[in-house]
Amino acid sequence: MIALGIILLIVGFLTGISILWTIGIILLVVGAILWILGSMGHAVAGRRHYW
């Protein structure tokens, strides 16, 4: 999810499409939150680890 967010950020920045930029930021933030929760040992969506 983090990688997809970064890709969308880059594509949105290079093409000037603002919706890709916005979706990229949202995916990046959600992916980072899930990664942090998973690394702290909290079960995320029924999984012990989230990669």
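Model, not experiment: these values are computed from the prediction.

### Focus on the packing of aromatic side chains
Each aromatic ring pair is specified by the distance between its two centres and by the angle formed by the two planes.
Now for step 1: Taken as a whole and judged by the stated rule, the model has one aromatic pair.
Now for step 2: Judged by centre distance (6.0 Å) and plane angle (40°), the ring pair of Phe-13 and Trp-21 falls under tilted.
Now for step 3: Residue Phe-13 is classed as exposed on the basis of its relative accessible area, which comes to 61%.
Now for step 4: For Trp-21, a relative accessible area of 38% corresponds to the partly exposed category.

### What to know about helix 2 (residues 18-39)
Each turn of an α-helix holds 3.6 residues, which means side chains three or four residues apart point in the same direction.
Now for step 1: With 22 residues, helix 2 should reach 32 Å at 1.5 Å per residue; the first-to-last C-alpha distance of 32 Å fits that figure.
Now for step 2: Three or more residues of helix 2 are buried, namely Gly-24, Leu-27, Gly-31, Leu-34 and Gly-38. Looking down the long axis of helix 2, one finds its buried residues gathered within 105° of arc, a one-sided arrangement.
Now for step 3: Elements that come into contact with the buried residues of helix 2 comprise helix 1 (2-15).
Now for step 4: Of the residues flanking the end of helix 2, it is Gly-41, one or two places downstream, whose phi is positive at about 95°.

### Overview of a nonpolar patch on the surface
Now for step 1: Together, Ile-6, Ile-10, Phe-13, Leu-14, Trp-21, Ile-25, Val-29, Ile-33 and Leu-37 make up a nonpolar patch on the protein surface, roughly 860 Å² of accessible area in all.
Now for step 2: Listing elements by their share of the nonpolar patch, those giving two or more residues are helix 1 and helix 2.
Now for step 3: With five residues, the top contributor of residues to the nonpolar patch is helix 2.
Now for step 4: For Ile-25, the position within the fold is in helix 2.

### Some remarks on the UniProt feature "transmembrane region" (unreviewed entry) in the protein
Now for step 1: According to UniProt, the positions carrying the feature "transmembrane region" (unreviewed entry) are residues 6-38.
Now for step 2: Annotation note: span residues 6-38, helix share 94%, strand share 0%, distance between end C-alpha atoms 20 Å.

### Quick look at the packing of helix 1 against helix 2
The description of two packed helices rests on the angle between their axes and on the distance between the axes.
Now for step 1: At a minimum axis distance of 7 Å, the contact between helix 1 and helix 2 shows a crossing angle of 160°. Here helix 1 lies roughly antiparallel to helix 2, going by the angle between them. Like other packed secondary-structure pairs, helix 1 and helix 2 cross with a definite hand, here left-handed. Where helix 1 abuts helix 2, its residues Ile-2, Leu-4, Gly-5, Ile-6, Leu-8, Leu-9, Val-11, Gly-12, Phe-13 and Thr-15 lie against Leu-20, Trp-21, Ile-23, Gly-24, Ile-25, Leu-27, Leu-28, Gly-31, Ala-32 and Trp-35.

Cut-offs applied
Residues numbered from 1 in each chain as written. Predicted model: local features only at pLDDT ≥ 70, side-chain atom pairs only at ≥ 80, totals over all residues. Heavy atoms only, no water. Phe/Tyr/Trp six-rings, centres within 6.5 Å; stacked < 30°, edge-to-face > 60°. Buried < 20%, exposed > 50% of the residue type's maximum accessible area, 1.4 Å probe, protein only. Helix = DSSP H or I, 4+ residues; strand = E, 2+ residues; numbered from the N terminus. Expected span 1.5 Å × (residues − 1). Arc of directions from axis to C-beta. Contact = heavy atoms within 4.5 Å. Patch = residues over 30% accessible without salt bridge, like charges linked within 9 Å, V, L, I, M, F, W, Y side chains within 5 Å. Areas by Shrake-Rupley, 256 points an atom, 1.4 Å probe, with all protein chains shown as cover. Salt bridge = Lys/Arg side-chain N within 4 Å of Asp/Glu carboxyl O. UniProt positions renumbered as here; feature names shortened; annotations may be inferred. Axes fitted to C-alpha atoms, helices over the stretch in contact; angles between N-to-C directions. Parallel < 35°, antiparallel > 145°, perpendicular 65-115°, else oblique. Left-handed = near helix turned anticlockwise from the far one by under 90°.

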